Structures are given as C-alpha cells and as structure tokens.
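Close look at the chain arrangement
Single-letter residue listing:
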Amino acid sequence: MTSEMPDWEFKERDVYILRELAADPQRSSRELADILDEQYGIDVSHVTVSESIREMRDAGVFREAIVPNESLFNFALFEFKFNPEHFADAWHDAMVYIRDDRHTLFYFLSDGTYQWKSVMMFPSRQAESKWIHEFYKRHGNVIQNVRNSVVHNVLKFRTDPELFTELTAE
C-alpha cells in the first residue's frame, strides 16, 4: 500500500461513478452508464465506464477489499506502544509481522503514545488472546504495551457516496 496521492485528474463522470459504486459496489458498467445518462445527463458507453473504473483502480484512486460481515468475526482495535530501548533494532520486523498478519484488516501509524494501530479480526476472543501472547513472545522487546479494545455494535460500515463530491470541490 502507498500513501502517495494518485496521479489522476478527476472528470465529473469519475466522481459520479465512484459515488454510485460506493452506494452499490455490485453495479455493472451497463447500469452505471444508464445512471450517468438518466441522473446526470452524461452520455457514455458501458465500455467507457468500464475503462474508467479500471484506470482509476490501476492509478490507485480507490482500493477494493473483501471485508467480511462484522457478525462473522470479532473485530478489535489494537494500539502498540513502543519500548524505545529496543526500537531501533527491532521495529521493522514487528511492523511487518502486524502488517502481513492474516488477522489485520487495517493498519496505520498515528501520533501520540500508541503510534501503531490496527483493526484486526479474529474468529473468537480466545484466538485474539492467543495472537497477543504470540506477538509478545516474538516482538515483546520492541513493544512496551499492546492496548486492545473490542469493537462491537458496528453502526456504520461503508463509504458514504456523498464523500466523493468533495473531490471536485475547491
């Protein structure tokens, strides 16, 4: 993954395509072409829509991921506090371990005392506990503390289509 800004110049059509895909990711390029014509007055073929989607994906404008229904797994927020004494020698292996672990859905860096954070998924609380234990065994020298919080009652789990209108707002 990269945090670089995608090299993409948005056309009005692209923003509408992203909005409509966010509202329903299963829409076909034919459906999207019809919606563009009927709702936005943009007459393009489904082939053009399909090419635009592929080019935006290839340019990194959006990412696709399969995210399981939140009732299938226990979601947890993990926050990692460093042990500065061993950080320089061992941080990279610990970071890769978290990033590449099959339980990690989302991994990011932030400011504050707990600078690494991840949203992880486990089939049970016991599996979550076992993961923490194994992580400390392997990387406990670089981590001073792992703070984990149970994520429950997920109230929103999608991208709001209207967010894409901000891409062209100046």
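Counting restarts for each chain, with residues numbered from 1 along the sequence as it is written. Restriction of local features to residues with pLDDT of at least 70 applies here, the model being predicted, together with a cutoff of 80 or more for giving and counting side-chain atom pairs; totals for whole chains, interfaces and linings are based on all residues. Note that water and hydrogens are dropped before the side-chain values are worked out from all heavy atoms of the structure.

1. Things to note about the overall build of the chain
Per the convention used, a helix needs a DSSP run of H or I reaching at least four residues, while a strand needs a run of E reaching at least two, with both numbered from the N terminus. Of the regular secondary structure elements, the chain holds 5 helices and 4 strands. Shown N-terminal to C-terminal, the secondary structure of the chain runs as helices and strands in the order α-α-α-β-α-β-β-α-β. The C-alpha radius of gyration computed for the chain amounts to 20 Å, which surpasses the reference 15 Å derived for 170 residues by more than 25%, pointing to a less compact arrangement than a globule. Each residue is placed in one exposure class: buried if its accessible area under a 1.4 Å probe, protein chains only, is under 20% of its type's maximum, exposed if it is over 50%, and partly exposed if it falls in between. Relative to its full complement of 170 residues, the chain shows a buried share of 34%. When contacts within the chain are restricted to residue pairs at least 6 apart in sequence, long-range pairs at least 24 apart make up 66% of them. As displayed, the chain has an accessible area near 11500 Å², and 48% of this comes from carbon and sulfur atoms. Radius of gyration: C-alpha atoms only; globule rule: 2.2 Å multiplied by the number of residues to the exponent 0.38. In this description, contact between two residues means that some pair of their heavy atoms is separated by no more than 4.5 Å. All accessible areas in this document rest on Shrake-Rupley with a 1.4 Å probe, and a residue is counted as covered only by the protein chains that are shown.

2. Considering a nonpolar patch on the surface
Candidates for patches are residues over 30% relative accessible area with no salt bridge; among them, like charges are joined within 9 Å and nonpolar side chains (Val, Leu, Ile, Met, Phe, Trp, Tyr) within 5 Å. The term salt bridge refers to a side-chain nitrogen of Lys or Arg lying within 4 Å of a carboxyl oxygen of Asp or Glu. Residues Val67, Leu105, Phe106 and Phe157 make up a contiguous nonpolar surface patch of roughly 340 Å² in combined accessible area. With respect to the secondary-structure elements, Leu105 resides in strand S2 (residues 104-109).

3. Focus on the layout of surface pockets
Here a cavity means grid points, on a 1 Å grid over the protein atoms only, where a 1.4 Å probe fits yet cannot get out; a pocket means an open set of points with protein on both sides within 12 Å along at least five of seven lines; lining residues are those with an atom within 4 Å of a point. Grid points are joined across faces, edges and corners, and a volume is the space filled by probe spheres set on the points. Roughly 2100 Å³ of internal volume is contained in the largest pocket. In terms of lining, the largest pocket is formed by 44 residues, of which the most central are Phe62, Arg63, Glu64, Ala65 and Thr159. Counting residues per element, the ones that place at least two in the lining of the largest pocket are helix H1 (12-23), helix H3 (46-59), helix H4 (84-100) and S2. The leading source of residues in the lining of the largest pocket is S2, at 6 residues. Any residue that is not Ala, Val, Leu, Ile, Met, Phe, Trp, Tyr, Cys, Pro, Asp, Glu, Lys or Arg is counted as polar, Gly included; the first ten are nonpolar and the last four charged. Here the lining of the largest pocket is built from residues that sort into 31 nonpolar, 5 polar and 8 charged. Considered as a void within the structure, the second largest pocket measures approximately 160 Å³ in volume.

4. What about the pairing of strand S3 (residues 114-122)?
The element S3 is extensively covered by neighbouring structure, given that 7 of its 9 residues are classed as buried. DSSP-based pairing: two strands are paired if at least 2 bridges between them are found. Here 8 bridges tie strand S1 (residues 74-82) to S3, and the two strands are oriented antiparallel to one another. Of the residues in S3, the one forming a bridge with Ala76 is Met120. Pairing between S2 and S3: 5 bridges, direction antiparallel. Residue Thr104 lies in a different strand from S3, and its bridge partner there is Met120. Between S2 and S3, which pair antiparallel one after the other, the connecting turn spans 4 residues, and Gly112 there sits at a positive phi close to 95°.

5. What to know about the packing of H1 against helix H2 (residues 29-40)
Convention adopted: a line fitted to C-alpha atoms gives each axis, helices being fitted over their contacting stretch, and angles between N-to-C directions are expressed from 0 to 180 degrees. The interhelical angle for the contact between H1 and H2, taken along N-to-C directions, is 115°, at an axis separation of 10 Å. In this view, H1 runs roughly perpendicular relative to H2, as classed from their interaxial angle. Note that H1 runs across H2; the crossing there is right-handed. Here H1 contributes Arg13, Tyr16, Ile17, Arg19, Glu20 and Leu21 to the contact with H2, which in turn contributes Leu32, Ile35, Leu36, Gln39 and Tyr40. Residue composition of the contact of H1 with H2, by class: 7 nonpolar, 1 polar and 3 charged. Throughout, the term roughly parallel applies to angles under 35 degrees, roughly antiparallel to angles over 145, roughly perpendicular to angles from 65 to 115, and oblique to all others. A crossing counts as left-handed when the near helix is turned anticlockwise from the far one by less than a right angle, and as right-handed when that turn is clockwise.

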